[in-house]
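For reference, the chains in residue letters:
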Amino acid sequence: MKNRLRVLRAEREWSQADLAKQLEVSRQSVNAIETGKFDPSLPLAFRLARLFGMRIEEIFQDES
Amino acid sequence: MWCISNPAQSRYVVRMFVAALLCVVFSSLAAVGFKFWHLTGVVAWVVAAVSALPIVGALIWTGAYLNEEKDEFQRNLFIQAILGGIAMTLATTTIWSYLEDFVHAPHLRLVWIYPMFWIFVLVAFPFVWLRYRS
């Protein structure tokens, strides 16, 4: 699944470690989500959306 | 590579260390018991079964870790490595049983299946990890 996480994070000048700390996950998790290799669960997607003050579909794009 | 990055993982490592320690202690005590007191009957069955309890505990603690792990990506990695370990263990033991039946290969004692499983989990882990490397 494509996402704008890297761009949104860069806009806020957060490192992957910064974002991981706020989400209470590992940096590897953030990296895997950013690169589209791991799709987060709905609860984690909601946490991300809340953190960026956006809706989930503004962060993640369905490729199908 | 996987390293300890949260309290759930720390607890898991400590619990597995305790299980391994208890396994050595229980097995040693059972070996001594059978050697010097020549245990028989119900007592022998109970002592032999109790020796394996730390291994059962380790499996339960593995389940507990998966339940306690809040980082879903880390949990996903571990589950995939465990599935890889199960698949390799089943494949190896099945093939070996056929070898025992048809070409009289040396007998594989069942007690080796558990450590074999964890070795295969360790083998699977780097391959799972590589899938997610950027």
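Residues numbered from 1 in each chain as written. Chains lettered and ligands numbered in written order. Predicted model: local features only at pLDDT ≥ 70, side-chain atom pairs only at ≥ 80, totals over all residues. Heavy atoms only, no water.

(A) The arrangement of the overall build of chain A in detail. Of the regular secondary structure elements, chain A holds five helices and two strands. Reading chain A from its N terminus to its C terminus gives the helix and strand order β-α-α-α-α-α-β. A globule of 64 residues ought to have a C-alpha radius of gyration of about 11 Å, and chain A, at 11 Å, matches this closely. With the principal axes as the frame, chain A shows a C-alpha extent of 30 × 20 × 20 Å. Pairs at least 24 residues apart make up 55% of the contacts formed inside chain A by residues separated by at least 6 positions. Surface summary for chain A: the accessible area is close to 3,800 Å², and the carbon and sulfur share equals 50%. Charged side chains of chain A number 11 positive and 10 negative; the gap between the two group centres comes to 3 Å. (Helix = DSSP H or I, 4+ residues; strand = E, 2+ residues; numbered from the N terminus. Rg over C-alpha atoms; globule rule 2.2 N^0.38 Å. Contact = heavy atoms within 4.5 Å. Areas by Shrake-Rupley, 256 points an atom, 1.4 Å probe, with all protein chains shown as cover. Lys, Arg positive; Asp, Glu negative; His and termini not counted. Charge placed at Lys NZ, Arg CZ, Asp CG, Glu CD.)

(B) Quick peek at the interface of chain B and chain A. Between chain B and chain A, the contact holds eleven residues from the first and 13 residues from the second. For the chain B and chain A pair, buried surface summed over both sides reaches about 970 Å², with 54% attributable to carbon and sulfur atoms. Looking at the side of chain B facing chain A, the largest losses of area belong to Glu72, Phe73 and Tyr132 of chain B, adding up to 50% of the total buried there. Summed over the shared surface of chain B and chain A, the result is zero salt bridges. The interface formed by chain B and chain A contains five residue pairs in polar contact (both at pLDDT 80 or more). Within the residue set of the side of chain B that touches chain A, elements represented by two or more residues are helix H4 (72-103) and helix H5 (113-131) of chain B. The element best represented in the side of chain B that touches chain A is H4 of chain B, accounting for four residues. Class assignment for the residues of the side of chain B that touches chain A results in three nonpolar, four polar and four charged. (Buried area = accessible area lost by both parts, 1.4 Å probe. Salt bridge = Lys/Arg side-chain N within 4 Å of Asp/Glu carboxyl O. Polar contact = N/O pair within 3.5 Å; in protein donor to acceptor, adjacent residues only side chain to side chain. Nonpolar A, V, L, I, M, F, W, Y, C, P; charged D, E, K, R; others polar.)

(C) Inspection of helix H2 (residues 16-23) of chain A at higher detail. All names here are of chain A. For H2, the set of buried residues is Gln16, Leu19, Ala20 and Leu23. Along H2, the residues classed as buried sweep out an arc of 100° about the axis, all on the same side. If you follow the buried residues of H2, they end up packed against helix H1 (5-11), helix H3 (27-34) and helix H4 (42-52). Count one or two residues on from H2 and you reach Glu24, which has phi positive near 60°. (Buried < 20%, exposed > 50% of the residue type's maximum accessible area, 1.4 Å probe, protein only. Arc of directions from axis to C-beta.)

(D) Just the side chain of Ser51 of chain B, in detail. All names here are of chain B. With respect to the helices, strands and loops of the structure, Ser51 is situated in helix H2 (residues 41-51). A polar contact is formed between the side chain of Ser51 and the backbone oxygen of Val47, at a distance of 2.8 Å. Contacts of Ser51, omitting those with residues within four sequence positions, involve Phe26, Ser27 and Ala30.

(E) Geometry of unusual backbone geometry. A positive phi angle, near 55°, is found at Glu13 of chain A, a position not held by glycine. Among the secondary structure elements, Glu13 of chain A is positioned in the loop between H1 and H2. For His104 of chain B, which is not glycine, the phi torsion reads 55° and is therefore positive. Looking at where His104 of chain B falls in the secondary structure, it is placed in the loop between H4 and H5.

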